[in-house]
Amino acid sequence: MLAVTHPAPDVTEIVTRPDPVPGPNDVAVSVHASGLNRADLLQRAGRYPAPPGWPADIPGLEYAGTIDAIGSQVRRWSIGDRVMGLVGGGGHAQRLTVHEDEAITIPDGMSFTDAAAIPEAFLTAWDAMVMRGRAVAGDRVLVHAIGSGVGTAAAQLGRALAITIIGTSRTPEKLQRCAELGMAHGILTSEPEWTDRVGGLVQVVVDTLGAQAFEANLSLLEPQGRLVLLGTMTGAKAPSADLGMILRRRLEVIGTAMRVRDRPERIELAARFSSNILPMFSDGTLRPVIDRVVPMREIEAAYRALAANETFGKIVLRW
């Protein structure tokens with residue numbers, strides 16, 4: 001098979017590797033498309049190694065493809081089934097193996113490129129808002145970087161689940177497009193005193209920014225509110241915060257990451273997502289938002305676009 005590798009920081013090659021062989025409970029997937037994520041940028045820079053048990057030098061955290069081999073004890077799937085899902089690495093290869101219970105069915109009629117834009121964005125957004133943040137119908141949730149893959153997923157999930165989504169961006173055009181997806185209110189963080197435009201306290205903040213937004217995020221949470229940290233785009237070392245406010249309001253700061261989760265966690269998440277959220281793609285309630293589809297051999301151009309924040313929604317790579 002062909003696979004993307006990074007033999008040194010900021011160096012990208014496409015090389016030939018042996019095909020992985022499925023274990024007794026695994027399925028082998030012929031990958032047709034894979035999403036690109038900021039974690040891939042960090043791995044390319046040598047700053048985010050794969051967790052144990054995943055390919056150490058092949059990036060890629062999500063995939064969509066066709067099962068072409070199954071382990072001796074697999075009962076859920078057959079050769080030819082179309083599946084998608086999350087992995088800890090190896091998604092940017094022509095073939096990968098996963099435990100059968102981690103794979104998710106691709107909805108009928110959906111293309112592989114559309115399917116590849118679902119796992120990381122929608123599982124992350126749903127897990128952050130509902131599973132970790134415990135948002136329910138009627139809640140107000142502030143989502144930073146609303147024009148990202150996770151953000152555009154959150155905007156749609158909010159509309160579907162009757163959760164009011166307030167989004168932030170540095171780009172007016174992204175806010176306008178997210179309003180069409182279901183975002184109730186958009187805020188330009190480039191404007192002074194942007195926190196005054198949130199319109200009151202919120203129950204949950206979903207944050208990918210990190211350090212620069214930390215104090216503002218805490219100030220915007222109502223008593224017993226939850227700050228769910230997904231990323232540290234503006235730095236990982238937050239300035240001193242008002243710990244007294246955290247105590248008085250009984251706030252929760254919740255860190256979460258998909259890549260480091262063990263197999264039982266990933267299996268449980270895939271099962272709950274398949275039951276609760278996947279049907280919404282079939283009836284048109286939810287749809288993947290794709291900025292562009294890039295041939296895998298042109299992955300360097302995709303890296304540059306993502307690093308420059310030029311995108312709205314997901315970049316998908318295809319073989």
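Residues numbered from 1 in each chain as written. Predicted model: local features only at pLDDT ≥ 70, side-chain atom pairs only at ≥ 80, totals over all residues. Heavy atoms only, no water.

Chemist: Any details on the overall build of the chain? Residues and values, ideally.
Modeler: Of the regular secondary structure elements, the chain holds ten helices and 15 strands. The C-alpha atoms of the chain give 19 Å as radius of gyration, which agrees with the globular expectation for 319 residues (20 Å, within 12%). Counting only C-alpha atoms, the chain reaches 55 × 40 × 35 Å along its principal axes. Here the chain holds 319 residues, and 52% of them are scored as buried. In the structure as shown, the chain presents an accessible area of about 13600 Å², 51% of it carried by carbon and sulfur atoms. (Helix = DSSP H or I, 4+ residues; strand = E, 2+ residues; numbered from the N terminus. Rg over C-alpha atoms; globule rule 2.2 N^0.38 Å. Buried < 20%, exposed > 50% of the residue type's maximum accessible area, 1.4 Å probe, protein only. Areas by Shrake-Rupley, 256 points an atom, 1.4 Å probe, with all protein chains shown as cover.)

Chemist: A description of the packing of aromatic side chains should follow, citing residues and the corresponding values.
Modeler: Taken as a whole and judged by the stated rule, the model has three aromatic pairs. Look at Trp126 and Phe273: their rings are 6.1 Å apart centre to centre, the planes differ by 65 degrees, and that puts the pair in the edge-to-face class. A residue pair is termed long-range when its members are at least 10 positions apart, and Trp126 in helix H3 (residues 119-132) and Phe273 in helix H8 (residues 263-276) qualify at 147 residues. With respect to burial, Trp126 and Phe273 carry one shared label: buried. Here Phe273 and Phe281 contribute two aromatic rings whose centre-to-centre distance is 6.5 Å and whose plane-to-plane angle is 45 degrees, an arrangement assigned as tilted. A single burial state applies to Phe273 and to Phe281, both of which are buried. Of the aromatic side chains, those joined through ring pairs into one cluster are Phe122, Trp126, Phe273 and Phe281. Arg82 extends its terminal NZ or CZ atom over the ring of Phe112, reaching a point 5.0 Å from the ring centre. We note Arg259 situated over the ring of Tyr48; from NZ or CZ to the ring centre the distance is 4.8 Å. (Phe/Tyr/Trp six-rings, centres within 6.5 Å; stacked < 30°, edge-to-face > 60°. Lys NZ or Arg CZ within 6 Å of the ring centre and 35° of its normal.)

Chemist: Describe the nonpolar core, naming the residues involved and giving the relevant values.
Modeler: Counting 51 residues, the largest nonpolar core has Phe122, Val141, Phe273 and Phe281 as its most contacted members. With seven residues, H3 is the single largest residue contributor to this core. Counting residues in hydrophobic clusters, the runner-up holds 16 residues, among them Leu142, Val202, Leu221 and Leu227. (Core = buried A, V, L, I, M, F, W, Y, C linked by side-chain atoms within 4.5 Å.)

Chemist: Can you explain the side chain of Arg261? Please cite residues and give values.
Modeler: Among the structural elements, Arg261 can be located in the loop between strand S13 (252-255) and H8. From its side chain, Arg261 meets the backbone oxygen of Ala257 in a polar contact 3.0 Å long. Filtering out sequence-adjacent residues up to four positions away, Arg261 remains in contact with Asp127, Arg132, Thr256, Arg266 and Leu269. (Polar contact = N/O pair within 3.5 Å; in protein donor to acceptor, adjacent residues only side chain to side chain. Contact = heavy atoms within 4.5 Å.)

Chemist: Outline the packing of H3 against helix H4 (residues 149-161), listing residues and values.
Modeler: At their nearest, the axes of H3 and H4 sit 8 Å apart, and the two run at 55 degrees to each other. With respect to each other, H3 and H4 are oriented oblique. The handedness of the crossing between H3 and H4 comes out as right-handed. Residues Glu120, Ala121, Phe122, Thr124, Ala125, Trp126, Met129 and Val130 of H3 form the contact with H4, whose own contacting residues are Gly149, Val150, Ala153, Ala154, Gln156, Leu157, Gly158 and Leu161. Looking at side-chain class alone, the contact of H3 with H4 contains eleven nonpolar, four polar and one charged residues. (Axes fitted to C-alpha atoms, helices over the stretch in contact; angles between N-to-C directions. Parallel < 35°, antiparallel > 145°, perpendicular 65-115°, else oblique. Left-handed = near helix turned anticlockwise from the far one by under 90°. Nonpolar A, V, L, I, M, F, W, Y, C, P; charged D, E, K, R; others polar.)

Chemist: Explain the packing of H4 against helix H5 (residues 172-181) to me, using residue names and the numbers behind them.
Modeler: With their axes 8 Å apart at the nearest point, H4 and H5 run at an angle of 35 degrees to one another. Where H4 crosses over H5, the two elements pack in a sense that is right-handed. Counted together, Thr152, Ala155, Gln156 and Arg159 of H4 and Cys178, Glu180 and Leu181 of H5 form the full contact between these two elements. When the residues that make up the contact of H4 with H5 are grouped by side-chain class, the tally is three nonpolar, two polar and two charged.

Chemist: Describe the pairing of strand S3 (residues 26-36), listing the residues and the values that go with them.
Modeler: Burial runs high along S3: nine of the eleven residues are buried. Pairing of S3 with strand S6 (residues 95-99), which is carried by five bridges, proceeds in the antiparallel orientation. What sits directly across from Ser30, in S6, is Arg95. Here S3 pairs with strand S15 (residues 314-318) via four bridges, running antiparallel. Pairing of Gly35 across the sheet is with Val316, part of S15. (Pairing = 2+ DSSP bridges.)

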